[in-house]
Amino acid sequence: LIHAYDQCRAKVDWRNQRHIACSEIRASNLSGECEFLQEFNRGRLGFLKQQQTCVRRRAALSVTLQGVPDNEARQTVDSVYSRCYNDT
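Structure report, in brief. Each residue is numbered by its place in its chain's sequence as written, counting from 1. Reporting in this predicted model follows two pLDDT cut-offs: at least 70 for local features of residues, and 80 or more for side-chain atom pairs to be given and counted; totals over whole chains, interfaces and linings ignore these cut-offs and use all residues. By convention in this description, side-chain values take in all heavy atoms of the structure and omit both hydrogens and water.

## Structural notes on the overall build of the chain
Then, in step 1: Runs of H or I in DSSP of at least four residues are treated as helices and runs of E of at least two as strands, each being numbered from the N terminus. Per the secondary structure count, the chain includes five helices and zero strands.
Then, in step 2: Reading the secondary structure of the chain in the N-to-C direction produces α-α-α-α-α.
Then, in step 3: The C-alpha atoms of the chain give 13 Å as radius of gyration, which agrees with the globular expectation for 88 residues (12 Å, within 12%).
Then, in step 4: When the backbone C-alpha atoms are referred to their principal axes, the chain occupies close to 35 × 25 × 20 Å.
Then, in step 5: Three labels apply to residues, based on accessible area from a 1.4 Å probe with only protein chains included: buried if under 20% of the type maximum, exposed if over 50%, partly exposed otherwise in between. Counting the 88 residues in the chain, one finds 35% classified as buried.
Then, in step 6: Taking all contacts inside the chain whose residues are at least 6 apart in sequence as the whole, residues at least 24 apart take part in 52%.
Then, in step 7: In this description, accessible areas are obtained by the Shrake-Rupley approach with a 1.4 Å probe, and a residue is regarded as covered only by the protein chains that are shown. Taken as a whole, the chain presents about 5,800 Å² of accessible surface, with 52% of it coming from carbon and sulfur.
Then, in step 8: Charge separation in the chain, taken as the distance between the mean sites of 13 positive and 10 negative side-chain charges, equals 3 Å. A radius of gyration in this sense is built from C-alpha atoms; the matching globule rule multiplies 2.2 Å by the number of residues raised to 0.38. Only heavy atoms matter for contacts: two residues are in contact if any of them lie within 4.5 Å across the pair. As used throughout, the charge tally considers Lys and Arg to be positive and Asp and Glu to be negative, leaving His and the chain termini uncounted. Charge coordinates come from a single atom per side chain, which is NZ of Lys, CZ of Arg, CG of Asp or CD of Glu.

## Some remarks on the side chain of glutamate 24
Then, in step 1: Following the sequence through the fold, glutamate 24 ends up in helix H2 (residues 17-30).
Then, in step 2: Salt bridges, as used here, are contacts in which a Lys or Arg side-chain nitrogen is within 4 Å of a carboxyl oxygen on Asp or Glu. No salt bridge is formed by the buried glutamate 24; the nearest opposite charge belongs to arginine 58, separated by 8.3 Å.
Then, in step 3: For glutamate 24, the side chain forms a polar contact with the side chain of histidine 3, separated by 3.5 Å.
Then, in step 4: Residue contacts for glutamate 24: discarding those within four places in its chain leaves His3, Ala59, Ser62 and Val63. Under this definition, polar contacts are N or O atom pairs within 3.5 Å; protein pairs additionally need one hydrogen-donor-capable and one acceptor-capable atom, and for neighbouring residues in sequence, both atoms have to be side-chain atoms.

## Looking at the packing of helix H1 (residues 2-10) against H2
Then, in step 1: Interaxial angle, 0 to 180 degrees, is taken between N-to-C directions of lines fitted to C-alpha atoms, where a helix line uses only the stretch in contact. Close contact between H1 and H2 brings their axes to 9 Å; oriented N to C, the two are set at 135°. Judged by the angle between their axes, H1 and H2 are oblique. In the packing of H1 onto H2, the handedness of the crossing is right-handed. Counted together, Ile2, His3, Tyr5, Asp6 and Arg9 of H1 and Ser23, Glu24, Arg26, Ala27 and Leu30 of H2 form the full contact between these two elements.
Then, in step 2: Think of it as three bins: nonpolar holds Ala, Val, Leu, Ile, Met, Phe, Trp, Tyr, Cys and Pro, charged holds Asp, Glu, Lys and Arg, and polar takes everything else, Gly as well. Across the contact of H1 with H2, the residue classes tally to four nonpolar, two polar and four charged. Roughly parallel means an angle under 35 degrees; roughly antiparallel means over 145; roughly perpendicular covers 65 to 115; every other angle is labelled oblique. Helix crossings get a hand from a simple test, with the near helix turned counterclockwise from the far one by less than a right angle marking a left-handed crossing and a clockwise turn marking a right-handed one.

On their own, these measurements won't tell you what the molecule is for.
Given below as structure tokens:
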């Protein structure tokens, strides 16, 4: 639903990596998949900035599923992270 909301609200261009990355950051942050217990159950134990680390990782993974190489996906997520994370 986050992607649908972004499409209506922000007129996302789904061919633009930065737009995709921003939508994925928002979706990862709001989905509940990065809550402490979810990450703990995955064996990813972290106390400092665990939520932010998870959101970055999951957003980059989602961007790579669009056919973007790993390094480029991480760089794109990093370039828009603060603006998009704070937008949630």
